[in-house]
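Per-entry structural report
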Amino acid sequence: MAANEPLLPLLERVAELLRGAERIACLTGAGVSAESGVPTFRGVGGLWEGRRPETLATPEAFASDPEEVWRFYLWRRRLLLACKPNPGHCALARLERQKPGFTLITQNVDGLHLQAGSRRVLAVHGDIWIDRCTRCGREARSTGEDLETIPRCGACGALARPGVVWFGEMLPTDVWTQAERAAASCDVMLVVGTSSLVYPAASLADVARAGGATIAEINPEATPVTSQADVAISSPSGQALPAIVDGLGTS
Ligand code: OAD
């Protein structure tokens, strides 16, 4: 596919693929929330620019300096309070309503897909708004009222941790199993706004391809998936996704 191929026929092609598909899986990453003002991780202005993930997003970092790790996550929660779903999130929520065989898999922890109206979201990297007790495992959803104090467990009083998956940790088994199953059995997989560098989430595109799915990527930058995608749309997802879902019609 030529890099400068005009956009409209590609958008129409993806709409056509989705129209004919019974099972659709969509994998999203930080880029789908970029137009909501949520920083991505990699690249210019990304969260990992000038920060070391191993000091902020690993169990070892939390064990050695929980306050430093919590400062990072509380700051991200404060940023998120000002963010709303964008037209890309809303288009995926519409797609779910139009296509019963649609499964949304996200690496994002920001909750914006749910806010946009998506009902079934497989959040393989967890949820930044959950406080999970480090002693008894009890989970509580932050109200967002106090985003300065390090959360403690409401039941046993022990230190809580953010309910996200850190580097070196297992993904939640049940959610991951459902994600793999959706990828293996889909007719079309949309890969949206992810650098496709972080495993095992990045392997879902390979799982889908191995199962015979057509792969469509939406990302303004090239990724390891781009050259293997059947359709690659070099455009922000907040523009491409609404155009694709509008093109599906109401039938
Ligand atoms: P990255 O920051 O690695 O990649 C974001 C991708 O979004 C890049 O490929 C951008 O080109 C693309 N992008 C930027 N703006 C976009 C837009 N408007 N529309 C569409 N795409 C756009 O984020 P992820 O791939 O999600 O994990 O990162 C994967 C994981 O690495 C995260 O879940 C997080 C991170 O470290 C953990 O914290 C465990």
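Residues numbered from 1 in each chain as written. Predicted model: local features only at pLDDT ≥ 70, side-chain atom pairs only at ≥ 80, totals over all residues. Heavy atoms only, no water.

A few points about the pairing of strand 8 (residues 214-218)
- The buried fraction of strand 8 is high, at 4 of 5 residues.
- As defined by bridge partners, strand 7 (residues 188-192) adjoins strand 8 across 5 bridges and the pair is classed as parallel. Directly across from M189, in strand 8, lies its bridge partner I215.
- Considered for its hand, the β-α-β crossover made up of strand 7, helix 8 (residues 203-210) and strand 8 is right-handed.
- Two elements, strand 8 and strand 9 (residues 231-233), share 3 bridges in a ladder whose sense is parallel. Along strand 9, the bridge assignment pairs E217 with A232. (Buried < 20%, exposed > 50% of the residue type's maximum accessible area, 1.4 Å probe, protein only. Helix = DSSP H or I, 4+ residues; strand = E, 2+ residues; numbered from the N terminus. Pairing = 2+ DSSP bridges. Right-handed = clockwise from strand over helix to strand, strands pointing away.)

Overview of helix 9 (residues 237-248)
- With 12 residues, helix 9 extends 16 Å from end C-alpha to end C-alpha; this agrees with the ideal 16 Å at 1.5 Å per step.
- Within helix 9, the full set of buried residues consists of S237, G238, A240, L241, P242, I244, V245 and L248.
- Positive phi shows up at G249, right after helix 9, with a value of about 75°. (Expected span 1.5 Å × (residues − 1).)

A few points about the environment of V69
- Secondary-structure assignment places V69 in helix 4 (residues 66-81).
- Each C-alpha atom, one on V69 and one on T55, is 7.6 Å from the other, the two residues being 14 residues apart in sequence.

Comments concerning the site of the ligand
- Within the structure, the ligand sits among 22 residues, and F41, R42, T194, S195 and N219 are positioned closest to it.
- A distance of 2.6 Å separates an oxygen atom of the ligand from a polar side-chain atom of R42.
- Side-chain polar atom of H125 to an oxygen atom of the ligand: 2.8 Å apart, as the coordinates give it.
- Relative to its unbound accessible area of 780 Å², the ligand is 90% covered by the protein chains.
- Of the residues in the shell around the ligand, the class split is 9 nonpolar, 10 polar and 3 charged.
- Two domains each put at least three residues into the shell around the ligand: domain 1 (7-38 + 85-125 + 171-246) and domain 2 (39-82 + 127-164). (Near = heavy atom within 4 Å. Polar contact = N/O pair within 3.5 Å; in protein donor to acceptor, adjacent residues only side chain to side chain. Areas by Shrake-Rupley, 256 points an atom, 1.4 Å probe, with all protein chains shown as cover. Nonpolar A, V, L, I, M, F, W, Y, C, P; charged D, E, K, R; others polar. Domains from an automatic or database assignment.)

Some details on helix 5 (residues 87-98)
- Over its 12 residues, helix 5 runs 16 Å from end to end, which matches the ideal 16 Å to within 8%, given 1.5 Å per residue.
- Of the positions making up helix 5, those classed as buried are G88, H89, A91, L92, A93, L95 and E96.
- In the core, the buried residues of helix 5 are packed alongside helix 1 (7-20), strand 1 (24-28), strand 2 (102-106), helix 6 (112-116), strand 7 and helix 9.
- A side-chain oxygen of the first residue of helix 5 lies 2.7 Å from the backbone nitrogen of G88; this N-cap is N86. (Contact = heavy atoms within 4.5 Å.)

A short note on the domain arrangement of the chain
- Segmenting the chain into domains produces domain 1 (7-38 + 85-125 + 171-246) and domain 2 (39-82 + 127-164).
- Each of domain 1 and domain 2 was reduced to a C-alpha centroid, and the two centroids are 26 Å apart.
- Each partner contributes residues to the interface: domain 1 has 11 residues there, and domain 2 has 11 residues.
- Carbon and sulfur atoms supply 67% of the area that domain 1 and domain 2 bury against each other, a total of about 870 Å² over both sides. (Buried area = accessible area lost by both parts, 1.4 Å probe.)

Digging into the pattern of salt bridges
- All chains considered together, the criterion is met by 10 salt bridges.
- The shortest N-O distance in the salt bridge between E16 and R19 comes to 2.7 Å. Here E16 and its partner R19 are both found in helix 1, 3 residues apart, which amounts to about one turn of the helix.
- Classification of E16 as partly exposed rests on a relative accessible area of 49%.
- Between D206 and R209 there is a salt bridge; the shortest N-O distance is 3.2 Å. Pair noted here: D206 and R209 are both in helix 8, with a separation of 3 residues, about one helical turn.
- Judged by relative accessible area, which is 36%, D206 ranks as partly exposed. (Salt bridge = Lys/Arg side-chain N within 4 Å of Asp/Glu carboxyl O.)

A look at the state of the cysteines
- Within the structure shown, the criterion is met by 0 disulfides.
- With no disulfide of its own, C83 lies closest to C90 among cysteine sulfurs, the gap being 14 Å. (Disulfide = S-S within 2.5 Å.)

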